[in-house]
Amino acid sequence: MLELRDVSKVVSGEAHISHVSLTFAPGTLNVLLGPTLAGKTSLMRLMAGLDRPTDGSVWMEGQDVTGVPVQKRSVAMVYQQFINYPAMTVYENIASPLRVAGVDRATIDRKVQHAAELLHLTPHLRRTPLELSGGQQQRTALARAMVKEARLVLLDEPLANLDYKLREELRAELPKIFAASGAIFVYATTEPSEALLLGGHTAALSEGRVTQFGPTIELFREPADLITAQTFADPPLNTVAVEKKGAAFALDGGLVLQVPARLSGMADDAYTLGFQPHHLSFQPRTADAVSVEARVSVTEITGSESFVHLDFAGRRWVMLEEGIHRLEAGETVRVFLDTRHMLVFDSGGRRISANGALAA
């Protein structure tokens, strides 16, 4: 069990981490999700013992390890900028933590061969890292972390520099590779899609604070606040300011949207509506879908999908639609909003759940 108890880190008067409390159980996969400078790496350094918190404490298996250096902890780390020993073969790079620990030769060989097979490095064991591709070098660093069999494995955007095919393959394999070890697995990423693919639990970070922690799919579907919803949206979350008046939301320009029945208990007030790009479409998906007119800004065609950037009520929206859609900039189109998935936030950014109550 790894526990962060009200941990803060201040550097030169600037708060890098603010009052974070998290608990990670053995054998779990935990994702730190947030944009650059959200605090993911700073938080990992505190977990590892590379830095000491300004306030709060770090506990491992019931022991206060605050201030205990990384060398005295059972920790393995892999960074986006992979680190290998250039003068050593791939085999020796992978074996290095086992040799330091005094493991016998037969066990070292068995573990190195197993890790190399899992990460497709067997043909390269006698080569040096500089003779490998970037992806192979990163897999070498991952293999070294695997064989160490640490109780805490920290992966700081480890796949960011790999090609798409290998990244997808390792995303699927990593949870399986580490799950059997019983280690606590913490993975930092800026990509919501990567968090969803990895599953497990996710801590959404913003400006050094954890805005929400829980099962990954729950954070995506039921964000507690606007910041978490925006953190978990790529392309960005579509939003629009509204004023609730009776059974309708009034928007700028005289537009009106009906309040969904599930939110009928909301008080009349100012709110922000939010919805994901795939909840907009050219055709209604349900009988109660709401139609609005918007102006096309630009269309990006990726092959099987189209990202249509729209201007609506003074806001820039993005619609993700299957297929190829060629639209002219400035063209006015009618789009449909799937209100089943519409998120509503109060003036403080807290999400409104069913019957107008605040989300838990």
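Quick caveat: nothing in here was measured; it's all calculated off a predicted structure.

A. Structural context of the packing of helix 3 (residues 105-118) against helix 4 (residues 134-148). Contact pair helix 3 / helix 4: the axes reach a minimum separation of 9 Å and the direction vectors enclose 135°. Taken together, the axes of helix 3 and helix 4 lie oblique to each other. Where helix 3 crosses over helix 4, the two elements pack in a sense that is right-handed. Taken together, the residues of helix 4 that come into contact with helix 3 (itself represented by K111, V112, A115 and L118) are A143, M146 and V147.

B. Molecular detail of the packing of aromatic side chains. Tallying each qualifying case throughout the model produces five aromatic pairs. Between F185 and Y187 the ring centres are 6.3 Å apart and the planes differ by 80°, which places this aromatic pair in the edge-to-face class. For the pair shown, F185 and Y187 are each scored as buried. Ring centres 4.3 Å apart and planes at 35° place the aromatic pair F312 and W317 in the tilted group. You'll find F312 and W317 in the same group, each marked buried. Through successive ring pairs, a cluster of aromatic residues spans F275, F312 and W317.

C. Region of the structure containing the side chain of N30. Considering the arrangement of structural elements, one finds N30 in strand 3 (residues 29-33). Reaching out from N30, the side chain makes a polar contact with the side chain of T28 at a distance of 2.9 Å. Those residues in contact with N30 that sit more than four places away from it in its chain are F24, I184, F185, V186, Y187, H201 and F213.

Definitions and cut-offs
- Residues numbered from 1 in each chain as written.
- Predicted model: local features only at pLDDT ≥ 70, side-chain atom pairs only at ≥ 80, totals over all residues.
- Heavy atoms only, no water.
- Axes fitted to C-alpha atoms, helices over the stretch in contact; angles between N-to-C directions.
- Helix = DSSP H or I, 4+ residues; strand = E, 2+ residues; numbered from the N terminus.
- Parallel < 35°, antiparallel > 145°, perpendicular 65-115°, else oblique.
- Left-handed = near helix turned anticlockwise from the far one by under 90°.
- Contact = heavy atoms within 4.5 Å.
- Phe/Tyr/Trp six-rings, centres within 6.5 Å; stacked < 30°, edge-to-face > 60°.
- Buried < 20%, exposed > 50% of the residue type's maximum accessible area, 1.4 Å probe, protein only.
- Polar contact = N/O pair within 3.5 Å; in protein donor to acceptor, adjacent residues only side chain to side chain.

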